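# Understanding the architecture of this molecule
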Amino acid sequence: MVLLQEITVPGCVECKRFEEWWKTNGAGFPNVRLEQINALDPAGQEMVLKYSIMASPGIIINEELFSSGGVNTNALAKKLREMTNS
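Right, let's walk through the structure included here. Not measured: the values here are computed from a predicted model. (Residues numbered from 1 in each chain as written. Predicted model: local features only at pLDDT ≥ 70, side-chain atom pairs only at ≥ 80, totals over all residues. Heavy atoms only, no water.)

## Details of the packing of helix α1 (residues 13-25) against helix α3 (residues 73-84)
One way to put it is that α1 packs onto α3 with a least axis distance of 12 Å and a crossing angle of 45 degrees. By the angle between their axes, α1 is oblique relative to α3. Once α1 is placed against α3, the crossing between them reads as right-handed. Listed contacts from α3 to F18, W21 and W22 of α1 are T73, L76, A77 and L80. Of the residues that constitute the contact of α1 with α3, the class distribution is 6 nonpolar, 1 polar and no charged. (Axes fitted to C-alpha atoms, helices over the stretch in contact; angles between N-to-C directions. Helix = DSSP H or I, 4+ residues; strand = E, 2+ residues; numbered from the N terminus. Parallel < 35°, antiparallel > 145°, perpendicular 65-115°, else oblique. Left-handed = near helix turned anticlockwise from the far one by under 90°. Contact = heavy atoms within 4.5 Å. Nonpolar A, V, L, I, M, F, W, Y, C, P; charged D, E, K, R; others polar.)

## Structural notes on the pattern of salt bridges
All chains considered together, the criterion is met by 5 salt bridges. A salt bridge links K16 to E20; its shortest N-O distance comes to 4.0 Å. Of this pair, K16 and E20 both sit in helix α1, 4 residues apart, which is roughly one turn of that helix. By relative accessible area, K16 is classed as partly exposed at 46%. For E20, a relative accessible area of 37% gives the class partly exposed. The closest approach of N and O atoms between E35 and R33, which form a salt bridge, is 3.6 Å. (Salt bridge = Lys/Arg side-chain N within 4 Å of Asp/Glu carboxyl O. Buried < 20%, exposed > 50% of the residue type's maximum accessible area, 1.4 Å probe, protein only.)

## Regarding the environment of K79
Along the chain, the position of K79 falls in helix α3. Among the residues examined, K79 registers a relative accessible area of 32% and is labelled partly exposed. Placed 18 residues apart in sequence, K79 and I61 show a C-alpha to C-alpha distance of 9.3 Å. Beyond its immediate chain neighbours, meaning those up to four positions away, K79 contacts I61 and F66.

Below is the structure:
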């Protein structure tokens, strides 16, 4: 199972774009579990510091920072397919 974490901020346009993409495409990755973490919560603040996230959303895959700010969904889909062989 691949853990995909989204570090999000309320009102973030890029976060909303990613979430809409995941709603449409997430079912194609049954071995990926999405966890959304609010950057304003204590756990979110820890992750922002740990991964030096400067823009939202922060996308973390299995404890490695994939991107921060706008998400290249083509690159993300490719990475998830490679990791899950789907």
